[in-house]
Amino acid sequence: MIVCKFGGTSVASAEQIKKVTNIVQSNPKRKIVVVSAPGKRFSDDIKVTDLLIDLADAVLKNSEVEEKLQNVINRYKDIAAGLGLDNKICEVIEQDLRERIALKVDQELFIDTLKASGEDNNAKLIAEYFNSIGIPAKYVSPKEGLVVNNPPERTFALTETYENLKDLGKGKESIVFPGFFGYTKDGVLRTFDRGGSDITGSILAAAVGAELYENFTDVDCVFSANPKVVNDPIGIEEITYREMRELSYAGFSVFHDEALIPVFKLAIPVNIKNTNNPSAPGTRIVPTRKPNGRPVIGIAADHGFSTLYVSKYLMNREVGFGRKLLQIIEEENISYEHTPSGVDDISVILRSDQLTPEKEDRIVKRVKEELHADDVYFRHGFSMIVIVGEGMRNNTGLAARAASVISSTGANIEMINQGSSEVSLVFGVLQQYENQCLRALYEEFFSPVIV
Ligand code: ASP
């Protein structure tokens, strides 16, 4: 069996849903179809999920709701009309939305309830369409087994989900399952992170032991570098889970990084494909791959990092220094990314959006007072450039090449980090050098011929 997930642009209009239908029909193994909410139809369009967040906001603020509600309903009306469905399904959707609005409860959970209606109602509509053209299909709600944890932790599926859903798709009908959310044991709806329909697809693929998880989007493949920065980067045919994880850490957003976990555990391959060009082979994410002649498979870059610099004479001899430092960070509810260190100094690299001036002041004060550090300060505005490839392990001199390319752009390397797996090499530079570094590194490792 194949689980296939269709992202927002793939289900944004009647025309797109017809393409989805052809894809599903062309392979009888595609029994489980996971759908997003209608996404953008053109670049300035607004995703239904964003319309719903806006609507939820208006409800919570007791401001004008009706127009925002109609904007959402109209998106479904357009789709239903284009698919030749009668208005009944739109009445069902309208009633569902009004019921959700009436539930106005705890702020965060209320927003989740409205947000999730985007995928939920789209799944109902698409199942209805499949049946109307003779594809036996059933809408299945996540209520039937996709069990998630309780707040306040970020949402993840509990292990019983996999047992609950193991027989999904074993009947005659195709299953249309909404992405993006599940229910707690007490029946409370919770959404995953944005882009979380990828996670639902992966959970279902693992639950039914699918032979393949197909993730349909609007690009032909994952590219070896950001095509908005690097001119015409080559596409990636095959990539390991580990390589994909490292690249998505620094901005490769084609596939949600949390979505790798369920399929990784069962070694189920993932195929990223294009709804608008389904015959293109796409990118396969697999447990292991054959070397392709290049040590590097992709180069990613992301900005918005800060560093906390701490130095103290004889730090290296002080038992527990690192733990105490990280505990202070933890107590501010901040996660950290890297901790490069010298003999008497250590930097903690963090995502800047977790910091506030108050938090920074508190951290600096506590590190000085409690750890008796000599020098403590924050710096902001860093980018992380991540060079990824399983082939790097067996390639000497790669770090030297990368460092020399980066310095040729004029950027100072503020940090270098190589994990012991040697699948990735991370360089910290000032944000203004990010794009130059990315282009220069791409040139070095991908052009013009195979290394
Ligand atoms: N519709 C949700 C979003 O826009 C989830 C998804 O499409 O994966 O984030």
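In this text, all values refer to a predicted model and were calculated from it rather than measured experimentally.

Cut-offs applied
- Residues numbered from 1 in each chain as written.
- Predicted model: local features only at pLDDT ≥ 70, side-chain atom pairs only at ≥ 80, totals over all residues.
- Heavy atoms only, no water.
- Helix = DSSP H or I, 4+ residues; strand = E, 2+ residues; numbered from the N terminus.
- Rg over C-alpha atoms; globule rule 2.2 N^0.38 Å.
- Buried < 20%, exposed > 50% of the residue type's maximum accessible area, 1.4 Å probe, protein only.
- Areas by Shrake-Rupley, 256 points an atom, 1.4 Å probe, with all protein chains shown as cover.
- Lys, Arg positive; Asp, Glu negative; His and termini not counted.
- Charge placed at Lys NZ, Arg CZ, Asp CG, Glu CD.
- Salt bridge = Lys/Arg side-chain N within 4 Å of Asp/Glu carboxyl O.
- Contact = heavy atoms within 4.5 Å.
- Polar contact = N/O pair within 3.5 Å; in protein donor to acceptor, adjacent residues only side chain to side chain.
- Axes fitted to C-alpha atoms, helices over the stretch in contact; angles between N-to-C directions.
- Parallel < 35°, antiparallel > 145°, perpendicular 65-115°, else oblique.
- Left-handed = near helix turned anticlockwise from the far one by under 90°.
- Nonpolar A, V, L, I, M, F, W, Y, C, P; charged D, E, K, R; others polar.

Engineer: What am I meant to see in the overall build of the chain here?
Structural biologist: Along its length, the chain carries 13 helices and 18 strands. The C-alpha radius of gyration computed for the chain amounts to 24 Å, which stays within 12% of the reference 22 Å derived for 451 residues, consistent with globular compactness. In terms of principal-axis extent, the alpha carbons of the chain reach across some 75 × 55 × 40 Å. Among the 451 residues that make up the chain, the fraction classed as buried is 52%. Roughly 20400 Å² of accessible area belongs to the chain as shown, and the carbon and sulfur atoms make up 49% of that amount. If you average the places of the 51 positive and of the 63 negative side-chain charges in the chain, the two averages end up 4 Å apart.

Engineer: Help me understand the pattern of salt bridges in this model?
Structural biologist: It is possible for side chains bearing opposite charge to pair when their charged atoms get close. Within this structure, the stated rule accounts for 34 salt bridges. Of the charged contacts in the structure, one is a salt bridge between K124 and D120, with a shortest N-O distance of 3.9 Å. Placement of the pair is K124 and D120 together in helix α5 (residues 107-132), with a separation of four residues, close to one helical turn. In this structure, K124 and D120 share a single accessibility class: buried. The salt bridge involving E160 is made with K185; its shortest N-O contact spans 3.7 Å. A residue pair is termed long-range when its members are at least 10 positions apart, and E160 in helix α6 (residues 160-164) and K185 in the loop between β5 (181-183) and β6 (189-191) qualify at 25 residues. We classify E160 as partly exposed; its relative accessible area is 30%. Bridged by salt links that share partners, the residues R41, D45, R75 and D78 form one connected network.

Engineer: I'm lost on the environment of Q16 in this one. Help?
Structural biologist: Relative to the assigned elements, Q16 resides in helix α1 (residues 14-25). In this structure, the C-alpha to C-alpha distance between Q16 and T275, residues 259 residues apart in sequence, is 8.0 Å. Contact partners of Q16, with chain neighbours within four places excluded, come to T9, S10, V11 and N276. One polar contact links Q16 to K19, side chain to side chain, over a distance of 2.8 Å.

Engineer: What is the right way to read the side chain of N121 from this model?
Structural biologist: Mapped onto the elements, N121 comes out in helix α5. Judged by its relative accessible area of 0%, N121 is buried.

Engineer: For this particular structure, what's the right way to read the packing of α1 against α5?
Structural biologist: When two helices pack together, their arrangement is given by the angle between the helix axes and the distance between those axes. Two elements in contact, α1 and α5, have axes whose closest approach is 11 Å; the angle formed by their N-to-C orientations is 60°. Here α1 is positioned oblique relative to α5, judged by the angle of their axes. Of the two elements, α1 crosses α5, and the hand of that crossing is right-handed. Contact residues: α1 offers I17, K18, T21 and V24, while α5 offers I126, Y129 and F130. Its residues placed into classes, the contact of α1 with α5 shows five nonpolar, one polar and one charged.

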